[in-house]
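Fold and contact review
If you want the building blocks of each chain, they are given just below.
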Amino acid sequence: MEKMRQWGWPLFAAMLLLVLFLARDGSYDETTNPVRRSLRSIIPWQQHGVSLTAKNRNRVVLDNGIVKLIFSNPEGNVIGIQYKGLDILEMGNEEDNRGYWDLVWKKNTTDKLQATKFKVITARPDQAEISFLRTYDVSLGNGTNIIPLTVDKRYILRRGASGFYAYGIFERLEGWPGVQDMDQIRMVFKLEQAKFDYMALSDTRQRMMPTAADRGNGEQLAYKEAVLLTDPSNPEFRGEVDDKYQYSIEDKDNKVHGWISTDESVGFWMITPSDEFRTGGPFKQDLTSHVGPTTLSMFVSTHYAGKDLGIKFEEGEAWKKVFGPVFVYLNSAPSSKNSTSILWNNAKQQLFKEVEIWPYNFTQSEDFPSSDQRGSVSGQLQIHDRYINESLLPASSGYVGLAAPGEVGSWQRENKGYQFWNQADEEGRFILKDVRPGNYSLYAWVPGVVGDYKYEADITIIPGCNIKLDNLTFEPPRTGPTLWEIGIPDRTAAEFYVPDPYPTLLNNLYNHIPSENFRQYGLWARYGERYPHSDLVYTVGVNNYTDHWFYAQVTKITGDETYVGTTWEVVFELHNVTNPGIYTLQLALASAHSAELQVRINSQSDERPLFSTKLIGGDNAIARHGIHGLYWLFSVEIPSSLLKEGNNSVYLSQTRGGETFQGLMYDYIRLEAPSSHTDSQLCGAIHSKLSSSPPFLISGSKGFHVYAGWLEMQKAGRRSLKHWGWLVGTLAAMLVLVVYLVGEKKYEQTTPKTSTLLLRKILERYPRTQRQGLNILKPSSGRNFARPPYPGINMVTNNSGRRIVARTENPRVSMLRSQSQIRLDNGLVQLTVSRPGGDVIGIKYKGSDNLLEHKNLRNNRGYWDVVWNKPGENLHYVDKLQATKFRVIMATADQVEISFVKIYNVSQQHSAHVVPLDVDKRYIMRRGRSGFYAYAIFECREGWPEMKMEQIRMVYKLQHEKFQYMVLSDTRQTFMPKARDRKNGEQLAYPEAVRLTKPSNRAFKGQVDDKYQYSMEDKDNKVHGWISIDNSLGFWMITPSDEFRSAGPMKQGLTSHVGPTTLSMFLSTHYAGKQAGIELKRGEAWKKVFGPVFVYLNSAPRSNNSTGTLWNDAKEQMAEEVKRWPYNFTQSEDFPPSDQRGSVSGRLIVHDRYMSESLLSASSAYVGLAAPGEVGSWQKESKGYQFWTRADKQGHFLIKDVRPGNYSLYGWVPGIVGDYKYEADIEIKPGSKIHLANLTYEPQRNGPTLWEIGIPDRSAAEFYVPDPYPTLMNKLYNNDHSDKFRQYGLWKRYEELYPDHDLIYTIGVNDYRHDWFYAHVTRSTGKERYVGTTWQIRFKLNSVMSQGNYTLQLALASATSSEIQVRFNDPSVKQPHFSTGLIGGDNAIARHGIHGLYWFFSVNVPSSLLQEGTNTIYLTQSRGGAPFRGVMYDYIRLEGPSIRHPDT
């Protein structure tokens, strides 16, 4: 107590000072520092409305409490930006030289676009948009520096936004003068020199920067932009080169860049959420930020392209284009060693948010259409190159785009219109979304394939259109088989030899980034040193282009300071020459600048070349450190008479000299023989550069997007928080506080908003090649989507809200053994397992107390159990699988795997509680993993007794005082009552359902709790668990695969529930009945591996949103586990790794001639492999493994990582009744890749549809689900209509809706969404007696076909101890016309499931049972006796005879 008194006040003072220090700019929600976030609840931030004032008629001010903008009036220059009171722009500059637009035209004349009119477009508390307009006066003609354009500069400030939006509307009217060279349009911000010293372009391209004064004091090199820093203010920059072109980026990657003030810990960022308004396509390179400090937004430029990309207007030509909006973003963080990283990562987060909401819906200009005023184009691009493959090949990772109509490849020189690009998936499928209305051509090119593709017809986009193009075939330039090739057809010279830079001309930013080495200054001069006496000679088959082909064919300097062209020689051997015949040299250039390439064959001295490009190019990429510029492709015909048997030479002469930077870069060279040549070798696949990036899948689930192509978060080095020493007196206390809040593993949060849509938009807008981009998870499904963007950016997505900051060196895994327990420890998690029983008796995380309920017995904390019975007995036994033998399977510093084996003794077969199985329970702990893996191998040997199993599960019972918050999905998460609340409550119709009458938390009073309300379909049940609010700690069950679960992907099972308890259900009869259990006959041998699953633990700083942070992080971890599946570190031979598995692919199509005469794609079909059986048997199969996926929109599917074995292939299609089964069984062997081509599913159909009720989707979700009783609600589902069926007691509402008679549904009058009750249940007659009910369907037939039978297709979504009897037009008939017999045991009505097992019946209806006029079908559920007997309908359809019925 004395020590507490001594330290109490200093600790309090330290905390108060820390709060004040961190909160001085802590109002910004997106700041990522965890300590600040944890304290934010103490200092709430109030959002200010947006104010607009005009001062002295020459100033306009916008202010939202975060950002204050000052504009010159009416010119429209940004003359001041204040962020939280801090000046951002260089106030020493003239007002028109701080933040402005400008335009370069008429031989480098600059027009700063000074406006003459100010206008308020909108001014509300939530948003202000203002306009600065300059209207062109046609009377000025061309005799002025004012370009003939009307320019409307717009600025938007929104409530709560930490930045502002800017865009410009440029317009020419008919009759205005022509313009020959509009070479640049940009927006410029010049920041305060004394503040901003750190520039960031990407994850790897960021650093402290020299100043403008340093450049002014330096030595100019070959051109004015390149300066050698000879006397910099910071000596570290001495001897470095600075050149603004070293900081260029391709437009597809140029999304966020800017500057940081390290003293103020403030960032200024230019965010460009779309490329649609840029010119020259996605590969156009341009400037970003550079020394000044200056930040640019480049809309039009000729950099890396030349005058071809300048905009020219004919006399009288009209034109209008909107440039932007872009977002100028400002952020701040506490001053620390890592503040630059925090600010950069936060800027990336903001970028993702802007991409999510593009196209913006808040701009006030009619010239910027919103999403619903745009259209889309989708299709599949394929390649036909018979010298690669006779079959069509997918244009894997091809770039596909819409641009103004033109010639093949013209998009890279197009500048007046808009462009929309995306990258195709592995199958060549693409979608271009949010396309502005207009006329376009569709263009494409494919990495690994030479040339350009253009679709044969122009495409007109109108608002709301969704244009689907059939398979498009690209036939790249090819005349014969390949003899040899140099390079990779990827439109860059990056694969060639890039020399080391001069030590005295370095930019140290690129010293340790080999892939960016080409950005160093002066590399072109290395050519003369490498080839001082002769030019490059390259021998095919001897030399390697990565080491022996210089990246650029440049000029060479002679002694008198003149530059001359160079000739490169390619030497190759031909064993024979096809004569007569034409050979072809495919010559692809990545860049050209004032160059002419001449080609000669076997004679360098020929005066006339065989081929000349003539003078081409002006991209200046050699000087400007670009590894490519514009793309050129030439096909050069070589008569066979010019070739000879033996050695041949191709001479490539770049003949233009006179300047240092004249020259070109090659992309790819290929010599093709005539089609009959024998020296060639057909390639087995498209060039290796053809991207084979793994597919990215986004697939919705009811809870959250479980297979969303999750981005792999990069692990960063461990970070420590250090604060300034002015708190010397309380430093120790502060460090204690910081360590407590941060811990060993920290998560940085931005917004809790789930952003699967955001990811989809990023993917659709800015895909990347694998070479430049990120690691994307490859889910087990076969669906493929485009890849995400941003080279050098470690994505930290809003849907995760986290970035893992982990140890750089993780402690080794240790194992401590005693007679009663085994303890594993990896420095993060400590796992204690009873010996030899194999129960988990303790879990500690980062030194915490035991997270399991230590008051429970040792075998009632973390354990496996089996519910089983003996045939013929109704008594069920629970076996907790207590092991008798412990083994160490593996023990290294990186991993420990331990085993606890229960061995069955056949002499125990008369023992009641011992299940006749050998069970090997395994636990794995790995270095650096924040959790542990668990799996079990179950085996029944020949000769053992018969038995039935209904449940196999793993259970963890957590400390009830710690864990209060349960999470199942993005929408299903809440604080939960305690186990004692249930004990003190009122049991309802069955023990699991309890009304809470005396809860410890009054907020739960009157609510219903039932563990079945938290069930989930297996396909969605990937991660769930509990959170300790007080400790800000999460406990999660992660299941990366369904292969070991039973009864298919739609099977529902328990997850987590009050206890707090977390389950992993491997086998259960819930929502299925005893048919989904495992029955082993006497003597039947069986073995199955259940798992591995991953028990994951995480923590976060305490804050108002720590639950969101922990949940998002758990989802990210789940994605990582999915990526690693099947695990390669398990030590059991019974768990095969990926290379010992196989795959099955194909396409499922539907043939239903009453829907369409043509074959239909089985869009989004579920396709799976399961044990051989009858049609639909998979939903009752539990002994074996199952592997399921979703087909794409065309019905293509891929089932990967399938265990060896014999299977049947099953499928069902949403929207189609019935089940599909492939005609033959399929045997999977290690490494097998089985392709089944087109499979045709002919669903049950006998005639045309007369009427239908419902949707064939195997659930009753579309029918009427009543509101719950106000006194029997679970408030978790109050605001989620889609989960309303999970409320208790809904079945009772039927009697209230139909007190006097049963349901009557009239076709053409009633609507199944409102008038068809979700469950056909029994009715109470009082005294706890329940009777069956009869529903009527009334319909009219104008005529009855006497020939042929009608058919009633009856699909049930659930059945429990029920019998459906069908009668037609006479309910009194004793013998029904059809009966299902007694069916079902899924109990889905009681257990709040909207479906159970699927049943399908085709009822033959003789025409004699029907009549002209009104008919009635009576559906009688005849079984009573209990409240939960009944069925749920999926879909009902009446079909006429196969002869066309007049009523259809």
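Residues numbered from 1 in each chain as written. Predicted model: local features only at pLDDT ≥ 70, side-chain atom pairs only at ≥ 80, totals over all residues. Heavy atoms only, no water.

1. Some thoughts on the overall build of the protein chain
Across its full length, the protein chain carries 12 helices and 94 strands. When burial is assessed residue by residue, the protein chain has 62% of its 1448 residues classed as buried. Put simply, of all contacts in the protein chain between residues at least 6 apart along the chain, 73% involve residues at least 24 apart. (Helix = DSSP H or I, 4+ residues; strand = E, 2+ residues; numbered from the N terminus. Buried < 20%, exposed > 50% of the residue type's maximum accessible area, 1.4 Å probe, protein only. Contact = heavy atoms within 4.5 Å.)

2. Quick notes on unusual backbone geometry
The residue after Asn73, namely Pro74, is reached through a cis peptide bond having omega 15 degrees. Positionally, Pro74 belongs in the loop between β3 (67-72) and β4 (78-83). A cis amide bond links Arg835 to the next residue, Pro836, at an omega of 5 degrees. The backbone of Ala1237 shows a phi angle near 60 degrees, a positive value even though the residue is not glycine.

3. Re the pairing of strand β8 (residues 117-124)
Sheet topology places β8 next to strand β9 (residues 127-134); seven bridges connect them, and they run antiparallel. Considered in β9, the bridge of Arg124 is made with Gln127. Linking β8 back to β9 in an antiparallel pair, the connection comprises two residues. (Pairing = 2+ DSSP bridges.)

4. Regarding the nonpolar core
Counting residues in hydrophobic clusters, the biggest one holds 111 residues, and the most contacted among them are Ile81, Ile88, Phe170, Met182, Phe189, Leu381 and Leu442. It is strand β26 (residues 319-332) that provides the largest number of residues to this core, a total of eight residues. Once you skip the residues sitting within four places of it in the chain, Phe189 turns out to touch Val78, Ile81, Leu89, Arg98, Gly99, Phe164, Phe268, Met270, Pro293, Thr294, Thr295 and Val328. Leu881, Phe1090, Val1093 and Phe1129 belong to the second largest nonpolar core, which has 110 residues in total. (Core = buried A, V, L, I, M, F, W, Y, C linked by side-chain atoms within 4.5 Å.)

5. As for the pattern of salt bridges
If charged atoms from side chains of opposite charge come close, those side chains can pair. In the structure shown here, the tally under the stated rule is 68 salt bridges. The partner of Glu95 in a salt bridge is Arg59, and the shortest N-O contact between them spans 2.4 Å. Of this pair, Glu95 sits in the loop between β5 (86-87) and β6 (99-105) while Arg59 sits in strand β2 (residues 59-63), placing them 36 residues apart in sequence. Among the residues examined, Glu95 registers a relative accessible area of 28% and is labelled partly exposed. (Salt bridge = Lys/Arg side-chain N within 4 Å of Asp/Glu carboxyl O.)

6. Observations regarding the confidence of the model for the protein chain
Any segment with low pLDDT has predicted coordinates that should not be analysed in fine detail. With 86% of its residues at a pLDDT of at least 70, the protein chain reaches an overall mean of 86. Every residue in residues 1-46 is under pLDDT 50, and counting partners more than four places away or in other chains gives 92 contacts. The model gives residues 680-808 a pLDDT under 50, and that stretch makes 412 contacts with residues more than four places away or in other chains. (pLDDT = per-residue confidence, 0-100.)

7. Some points on helix α10 (residues 1106-1124)
Along its 19 residues, α10 runs 27 Å from first to last C-alpha, staying within 8% of the 27 Å computed at 1.5 Å per residue. Of all 19 residues in α10, 17 are buried, a share of seventy percent or more. (Expected span 1.5 Å × (residues − 1).)

8. Details of the sheet that holds strand β72 (residues 1086-1099)
With antiparallel pairing, nine strands are arranged side by side in an open sheet as β55-β56-β57-β58-β72-β67-β66-β60-β61. Each having just a single partner strand, β55 (885-891) and β61 (973-975) make up the two edges of the open sheet. On average, adjacent strands in this sheet sit at an angle of 15 degrees to one another, irrespective of strand direction. In the sheet, strand β60 (residues 965-967) pairs with strand β66 (residues 1023-1028) via three bridges, with the strands oriented antiparallel. Across the sheet, the residue bridging to Tyr965 is Ile1027, located in β66. (Axes fitted to C-alpha atoms, helices over the stretch in contact; angles between N-to-C directions.)

9. Observations concerning the side chain of Lys1051
Mapped onto the elements of the fold, Lys1051 is located in the loop between β67 (1033-1038) and β68 (1052-1053). Of the side chains with opposite charge, Asp1018 comes closest to the buried, unpaired Lys1051, at an N-O distance of 5.6 Å. Here Lys1051 is in contact with Met1016, Glu1017, Asp1018, Ser1046, Ser1068, His1070 and Ala1072, once residues within four sequence places are set aside. (Lys, Arg positive; Asp, Glu negative; His and termini not counted.)

10. A look at the side chain of Arg1367
Tracing the backbone shows Arg1367 in strand β89 (residues 1364-1368). No salt bridge forms around the buried Arg1367; measuring N to O, its nearest opposite-charge neighbour Asp1370 is 7.4 Å away. In this structure the side chain of Arg1367 is engaged in a polar contact, spanning 2.7 Å, whose partner is the backbone oxygen of Val1373. In this structure, Arg1367 is in contact with Val1373, Lys1374, Gln1375, Pro1376, His1377, Thr1416, Ile1417, Tyr1418 and Thr1420, ignoring residues within four places of it in sequence. (Polar contact = N/O pair within 3.5 Å; in protein donor to acceptor, adjacent residues only side chain to side chain.)

11. Digging into the sheet that holds β8
Spatial strand order, β8-β9-β10-β11-β26-β21-β20-β14-β15: nine strands in an open sheet with antiparallel pairing. Of all the strands in the sheet, just β8 and β15 (206-208) have a single pairing partner and so form its edges. Sheet twist, expressed as the mean angle between neighbouring strand axes with direction ignored, is 15 degrees. One ladder, built from six bridges, connects strand β21 (residues 266-271) with β26; its direction is antiparallel. Paired with Val266 across the bridge in β26 is Ser332.

12. Some points on the environment of Phe313
Among the structural elements, Phe313 can be located in strand β25 (residues 311-313). Considering only alpha carbons, one finds Phe313 and Trp176, 137 residues apart in sequence, at a separation of 9.5 Å. With residues near it in sequence (within four places) discarded, Phe313 still touches Arg172, Gly178, Val179, Gln180, Met182, Trp319 and Lys416.

13. Structural notes on the environment of Asn389
Relative to the helices and strands, Asn389 resides in the loop between β27 (375-383) and β28 (393-394). A polar contact is formed between the side chain of Asn389 and the backbone nitrogen of Ser391, at a distance of 2.7 Å.

14. Re the packing of aromatic side chains
Tallied over the entire structure, the rule returns 93 aromatic pairs. Ring geometry for Trp524 versus Phe661: centroids 4.7 Å apart, planes at 85 degrees, classification edge-to-face. A residue pair is termed long-range when its members are at least 10 positions apart, and Trp524 in the loop between β36 (482-487) and α5 (526-530) and Phe661 in the loop between β47 (646-654) and β48 (663-672) qualify at 137 residues. Judged by centre distance (4.7 Å) and plane angle (80 degrees), the rings of Trp1291 and Phe1428 are edge-to-face. Here Phe1428 lies in the loop between β93 (1413-1421) and β94 (1430-1439) and Trp1291 lies in the loop between β82 (1249-1254) and α11 (1293-1297), a separation of 137 residues in the sequence. When its relative accessible area of 13% is taken as the criterion, Phe1428 is described as buried. Stacked on the ring of Tyr1398, the Lys or Arg Arg1258 has its end atom at 3.9 Å from the ring centre. (Phe/Tyr/Trp six-rings, centres within 6.5 Å; stacked < 30°, edge-to-face > 60°. Lys NZ or Arg CZ within 6 Å of the ring centre and 35° of its normal.)

15. Re the pairing of β4
Of all six residues making up β4, five are buried, and the element is well covered by its neighbours. Pairing between β3 and β4: five bridges, direction antiparallel. The partner of Leu69 across the bridge, within β4, is Ile81. Between β3 and β4, which pair antiparallel and follow one another directly, the connecting turn spans five residues, one of which, Gly76, has a positive phi of 85 degrees. The loop that links β4 with its antiparallel partner β5 comprises two residues; one of these, Lys84, has a positive phi angle of about 55 degrees.

16. Points about the environment of Asn1404
Along the chain, Asn1404 turns up in strand β92 (residues 1399-1405). A C-alpha to C-alpha distance of 6.6 Å links Asn1404 and Leu1352, two positions 52 residues apart in sequence. Those residues within four positions of Asn1404 in sequence are excluded, and the remaining contacts are Asn1349 and Tyr1350. For Asn1404, the side chain forms a polar contact with the side chain of Asn1349, separated by 3.2 Å.

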